Structures are given as C-alpha cells and as structure tokens.
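If you want the building blocks of each chain, they are given just below.
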Amino acid sequence: VLASALDKLRAAVSATLGDASSDVFEAIAWTLGFAVPDSTIITADPENARRLLADAWQRYIGALGLGKLTVLVVEDVHWASAALLDLLEHLAETLAETQVLIVCTARPEFLDLRPSWGAGKQNATTLALAPLSPDESARLVSSLLGEGDIPDSLRRAVLASAEGNPFFLEEMLQMLIEERALERRNGGWVATGRLSAVRIPDSVHGVIAARIDLLDAGARDALRRCAVVGRSFWPSAVGVDERDIVPLSRRGLVARSPRSVMAGLHEFAFKHALTRDVAYGSLPRTERRELHRRVAEWIQRVAPDRESETAELAAYHYREAIVYGEDDPAVVRRAHATFLAAGGSALRRGAFIAARAHLERAVESAVGDEQRATSLLARAELDATEARWDVAVTGLVDAERFAAASPATRSAVLALRSRVSWMTGDWRVALEAANGAVAALAGLPESDQLARALARRAQLEMLQNRAAAIEHSLEAIAVAERVGDVTASVNARINLFTARANVGVEPVAHDVLAIVEAASSVGAHEEAYRAIVNFVWSSNGFLPVAEIEAVAVAGREGRLPPPPIIDAYLDLSIAGMIFVPAGRWSEAERLLESIDGPSLSMTSTLLWRPTVGGLALRRGDRATADESLAGLKELALASGEVQRIIPMACVVLPWLHVSGKPDELRASAEEILAAIDGLWPTVFSTNGISRALFAAGQLDLLVAATASLERAADGGYAGRRGISLLVAEGLSALLEGRAETAVSRLSTAIDREAALGFAYDAACLTLELATAHERAGGGTLERARIESARTFLATLGAVNPV
C-alpha cells in the first residue's frame, strides 16, 4: 500500500515541480517512513518546505495511518514566506487525527508577525526556550574549548556579552580563534598575548562583522558580493572565482551544497542567514544595484530554457536593482517582462500571494500603453482566479483602454472579460465580449490568442446550448493544435465533450482524464477542474454515480487544490448533481456547509440556491426554502442558459405548489417552458417539473412539457432526459386515466434511476407508481416497494418528497 501511494505521490510532485521535484519527493518519502524501521525525523529548509504539496500530505500521510510517529522539523520559520506559514497551519489542521508531529523553530520576534500562531488550534503547543543560564553557557564554552588556560576575565566577558545565546557564543569563540587571541596548544586552547587587544562585540551582528573584517580583501569582497545572490549562491553569478570561496569554507562561513539546481555549477550556502545579512549590509547602495542587476541577467543567461523555474528568482533581483536606483530604460523593460513571467509562473503553481506581488510590480514598472495593457490583463487574470470579481472587471476596463492599438492584447482582454462577465451574471456582455475577442483578430495570421478566443466563444455557446458550440469547438481545437497552444486546446476539448453530451453523446472518462492531465501540465488549473466539473454534469444519465465519483476522485488526485474561481462550483456540482438525487443528503450538506453562499459568483449562486433551497423544501424548512428560492426564477431566466433554468424549475415549481400558489405556479411554468423552447439537454433530469405539474393537476402544461421533451429526444430515450421523458409520459398518462401506460413508463424510469444510483429520485417516483398501480387495479403488487421507498424517504427526513 505504501509503495503504491509513494508511486502516486512521486508522479504528483513531479507534475507540479518538474525537475526540481527530486529533493521534495525524497523528503516526503522519508517522512512517510519508507524503508525506515523506527520514527523518522527530517529537517526541511523553509525554502524547500514551502513547496511541499498540502493536498498530497493530506491525502497520503493522513490517509495511510502509519503505525509509527512521523516528525517533520521545519527550522527557522521566522525566515519563512507567508505561503509556507499558511501551509503549515493547513497541515496542522488536516493531519489532526494522525501520528504526525510538526516541530517549528523560530525566534521570539516571529510572534510579532504571527501573534496568533498556534492559538486556538487543537493539539498545538508553544514552547518558549529561555536563554542558557550562566552555568549552561559556561558548560557550552567548556565543551567547545575544554578547560584550557582561558582567563576567567575572558570567560566572564564572553558569557556576559552572549547573554545565553549559544550561536553568539560559538561565533564569538570562532572570532577569537581567527584573531589568534586563542590558540591550540598541547590538545587544548590557550589565550595569547593578542587577547588584551581584542574588543568583545556586544551583539551577534558585531561578532559576525568582526569575523568578516578579519578576512583578506579578496575573500571579504567575494563574501560580500555572493551575499547579493542569497543564502544559497553560485559564485559566477557575481563574477567571483570559486577558488576565492575556499577560505570562506575553511572558516565555517559558507559550505558547498551537495547538489546544485544550476547544472554544471557548484552551489554554496552561507552557514547562517545572519552571516549573509551582515555581509550584504556592508555593501553600498550603488554596488547592490549593480550586483542585483548582474545576478538577474546572469540567471536569464545561464538558464534560458527554464524561464518558468527561474523567472521568480530573476524578478527578485530586478526588483532589488530598481529599489536601489536602477533606471536604465533597457533594464526596466527587461525587468517588466520578467515580472510578468514571474507572475505567470507563480500563478501556474498556485502561489497567489507571490503572483500578486510580481504582477503589482509589473503594473508599477509598465511604460507605454502595451506594457500597461498586458500588466493589467495579467493582474485581472489573477483577480479572476481568486474570485475577486469587481477588481477584475475594473482592471479589464482599464486594460481594454490601453490595448486599443494591439489586436492580440485587445482580444485577450475581451476573452477574459467574457469569462468574468459570465461568472458575474452579465450574460449579454459575456457573449458580446467573446465574439469581440474573435473579431479583433480577423484577417490576422493564426496565433495562440486566436485559438484561445475561439475556445472562449465556443465555451459561451456551449453554456447557452447553442447548436454552433460543437462546430466552433472543433475549429478552436484545430487552430490550437496548429499553433501548439495547450491551454486553448483543453478549453475547447472540454467544450466539445460537454456540447456533445447535451445532444446525447456519452463522454469518455479516459479522454476527460487526459484533458485534466494536459491542463495540469501547463499550469491551467482552472481548466483541469472545469474538465472534472463538466464531466460530473455531462456523464449524468450515462454512467452510474459510483463511476462518475471515481473519475472525479482520479482527476483530483495529486493535483494542486482547486483555485477559488472554481473551488465552490466543483463541490456544488457534486452536491447538487450527485449527492442530492442519490439520497446522500448528509454528504451534500457537509459540502454545502463549507461554502460561503453569500460570497459566490452569480453562476455558483444559480447552483447554490436551488441546491440549498431544494433540500430545505424537501425537509420542511420553509423559511430557508423561501429565502433561497424567492427571486431565483428571474435570475435563472435572465441567464438564457437552460443549465441554469432547468435546475431552478425543478425546485421552484414544487416550492410554489407546496406554498399553495397555483396561479403563480402556472404562470411560472408557462414562462419556463417558453424560455427552454424544446432545448432540453440529454444530461438533465426534469422530474421536478413534471412531478410538480402532476401534483398540481396542471394536465395541459404537463402535456406541453412532455411534447417539448419528445421533440428534443427525437424518438430516443438517452441520458437523464430519456428518463425524464418516461416520467413525463407516465404522469401525463396517469392524469389522463391511462394507468397501464403510466405503470409501464414509471416502472422503466424507476429501474433506470436505481441502476444509475439515484436512490432518492427512484423512491419519489415509486410513490407515483403506487398510485398508477392502484388505478390500474394492481396496488397490492407494489406494497413492499412502497414501504421501502417510504422508509428510505423518512430516513432522509423528506417531509415534502418533491
């Protein structure tokens, strides 16, 4: 089991981190306890630890339930990024029921930044480590130097200055040795005549500075220059010969790393972050500016084929160069392009905080309309991904203004505008923008942007169940393949299988998972999860619930968590399309409880409200049902999308019937049938509409709905539309006095619902079947089934089985 989990985890980490995954996987494997008989302890540097996948930890460490203690030690979290700290808090919560101990070390001032760290969390403890006592400090000095001929006055001065800080003690003694105030004689350390001339620094920074001052000029300059690169560094980045690093290694200031992320170059690291800070602090601003620019250019020069990995590091150095006064227009242009690349790289790996920082710098450094447009567009994409709709709209309005002279950029702005407008319920603008994105590129050569614009247009047409969606999806796929744009291709392929499912073509699970994989490989995480969402909807009526769930789980396995733009919608789709009709209401409610309903986008609201309101109506919670369903019809009809109208109608019409509003029910049903106008997708159940009209005795409307379904089905009974047609025909026949036909149609419908796993829908229809049997003279034949259905509904608390 463990070996299988590790294979899956290796693939997940590799897919996310690429060539940089080996160290991370090795750390995870050891933490899992692979091939280690006892408790396992690893140390993860924060820069690597922040890259560990929270979702992978939750799935593989938590789920395995290993019978041994696993300890993860993360040192010096006061240096950690906000993303790492958020990750550690997430781990502490999700691994609460496992034998995993997370130990984090930090300086006291860390609590100034995170005062609530660990507070209020279960199984979390904060241990404050006091400074060493005088006796403990003395023992440390003795253990380092022995009981040699060290004057008591020196011991007292050292101990007094260190104030119980062990690192300070070690550095101070090392400084005295380098000053030759202490020498090794006869196996021990003794004071020399130079001791009286040595001034004991009063801070650890002072000790480190004194040690640096003792270096010869070449080594000292090498150390200071390398400090610009970072705690880990490559000497050639700042024009330092590796031979100049050897003396620094002997003095314990730096050490060679066992591996290097830059092939063919040795990587070194400062022994302590404070050493790097002190060395860096000794550089004048002009030298810092020049060296940061030099490092940024070096990174881009030595790894030109690894921009996705190196852009963020180069962006940091360009930013620092600009902070220290770099204003050369050519450098600023390169910096702007790097900020954009770094923002895109961070966005693709789901690091939204880092992405925002890079893109804000891109906006700030933009010069000219084109740079302003591309920067605002990139930031708006991040805003949309994080579901910051109002901010995204504002940014896109500004971006479109600056993009007037660039057809490609204007097309990209309009394509994103169509997505954001659709999510926020501005349906007219959404379709206009999608068409405008294609029109902006008319007459121009094929390009990535044309492929994306065509795919976005097809997406809007698919959502509105337009006949052109299939043709336009195929056109987008063809262009995407010719220009080599994977993102456009996966978008269009999702649109294609969804549009085909709407007309009766069963989606292929293997193909959908291939789309998920392709999207994830290029960091298109929204598209990866949209493929899963659309499969949940599109396979409805073709595949049993268990198979749909299995594909959804496989699609999510090992991936980054869903981005905010689609996170809630994924859970809503599973709750509304699978759990509710399957009678798994407790599972649906657990998902619904985790969603902040009032903060949802309009598209999610149009799924949230019928799901929450429908459950409340069925359980007799009229107050919640009234709150959720009032005004829902108008919102759904305004969308012009049958995928919004049908789920709404299936709960609003029963709600009006239960509420005793027959006139409003009739008027609403007429309005809904006119809006759908025979466009009933194969994948939606319309049982709620038919059962409400049957219960209200609205025969003419039920017959009209049945005829509309028959026109759409064109003689077939495929998918959930086919089941719904059987139900509509059966209930129409029952109202018309044709009980035998009703029994036949409803029996077939129930068998199909049960075979698919929709136990609640099958139980409700069984009650109508009982009525049909009674009127056909065969009521006693269904007694056991009736009682079973009633018991099942009672277990759910279904007061109103609608």
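Below is a summary of the structure that appears in this document. This structure is a prediction, so every number in the text was calculated from the model and none was measured. (Residues numbered from 1 in each chain as written. Predicted model: local features only at pLDDT ≥ 70, side-chain atom pairs only at ≥ 80, totals over all residues. Heavy atoms only, no water.)

### Observations regarding the overall build of the protein
Move 1: The helix and strand inventory of the protein stands at 40 helices and eight strands.
Move 2: Here the protein holds 802 residues, and 53% of them are scored as buried.
Move 3: In the protein, once contacts between residues fewer than 6 apart in sequence are set aside, the share between residues at least 24 apart is 67%.
Move 4: Element-wise, carbon and sulfur atoms account for 52% of the exposed surface of the protein, whose accessible area totals about 34500 Å². (Helix = DSSP H or I, 4+ residues; strand = E, 2+ residues; numbered from the N terminus. Buried < 20%, exposed > 50% of the residue type's maximum accessible area, 1.4 Å probe, protein only. Contact = heavy atoms within 4.5 Å. Areas by Shrake-Rupley, 256 points an atom, 1.4 Å probe, with all protein chains shown as cover.)

### Points about the sheet that holds strand β7 (residues 254-256)
Strand pairing within a sheet occurs via backbone hydrogen bonds; the two strands may be parallel or antiparallel.
Move 1: Taken in spatial order, the three strands line up as β6-β8-β7 in an open sheet, and their pairing is antiparallel. Each of the sheet's edge strands pairs with one partner strand only, and the pair in question is β6 (232-233) and β7.
Move 2: Summarising the sheet, β6 and strand β8 (residues 268-270) pair through two bridges and their orientation is antiparallel. Across the sheet, residue Ser 232 finds its bridge partner in β8, namely Ala 269. (Pairing = 2+ DSSP bridges.)

### Let's talk about the nonpolar core
Move 1: In terms of nonpolar packing, the biggest core is built from 134 residues, with Val 536, Trp 537, Met 648, Leu 653 and Leu 693 touching the most fellow members.
Move 2: Listed in part, the 54 residues of the second largest apolar core include Leu 154, Phe 167, Met 175 and Val 240. (Core = buried A, V, L, I, M, F, W, Y, C linked by side-chain atoms within 4.5 Å.)

### Some points on the pattern of salt bridges
Move 1: Applying the stated rule across the entire model yields 44 salt bridges.
Move 2: The partner of Arg 457 in a salt bridge is Glu 475, and the shortest N-O contact between them spans 3.4 Å. Of this pair, Arg 457 sits in helix α22 (residues 448-463) while Glu 475 sits in helix α23 (residues 468-483); the two residues are 18 residues apart in sequence, bridging distant segments of the chain.
Move 3: Owing to a relative accessible area of 13%, Arg 457 belongs among the buried residues under this scheme.
Move 4: Residue class for Glu 475 comes out partly exposed when judged on its relative accessible area of 35%.
Move 5: If you follow the salt bridges from partner to partner, you end up with Glu 171, Glu 178, Arg 211 and Arg 251 in one network. (Salt bridge = Lys/Arg side-chain N within 4 Å of Asp/Glu carboxyl O.)

### Focus on unusual backbone geometry
Move 1: One non-glycine residue with positive phi stands out, namely Asn 465, at about 55°.
Move 2: Tracing the chain through its elements places Asn 465 in the loop between α22 and α23.
Move 3: With a relative accessible area of 16%, Asn 465 lands in the buried category.
Move 4: Positioned with a positive phi, Asp 677 is a non-glycine residue whose angle comes to about 50°.
Move 5: With respect to the helices and strands, the residue Asp 677 is situated in the loop between α34 (662-676) and α35 (687-695).
Move 6: Classification of Asp 677 by relative accessible area gives exposed; the value is 57%.

### Regarding helix α33 (residues 642-658)
Move 1: Here α33 contains 17 residues, and its C-alpha end-to-end distance of 24 Å stays within 8% of the 24 Å for a straight helix at 1.5 Å per residue.
Move 2: Ala 649 marks the point of greatest bend in α33, at about 30°.
Move 3: Where burial is concerned, most of α33 is hidden: 15 out of the 17 residues are buried. (Expected span 1.5 Å × (residues − 1). Bend = angle between axes of the 7 residues up to and from the residue.)

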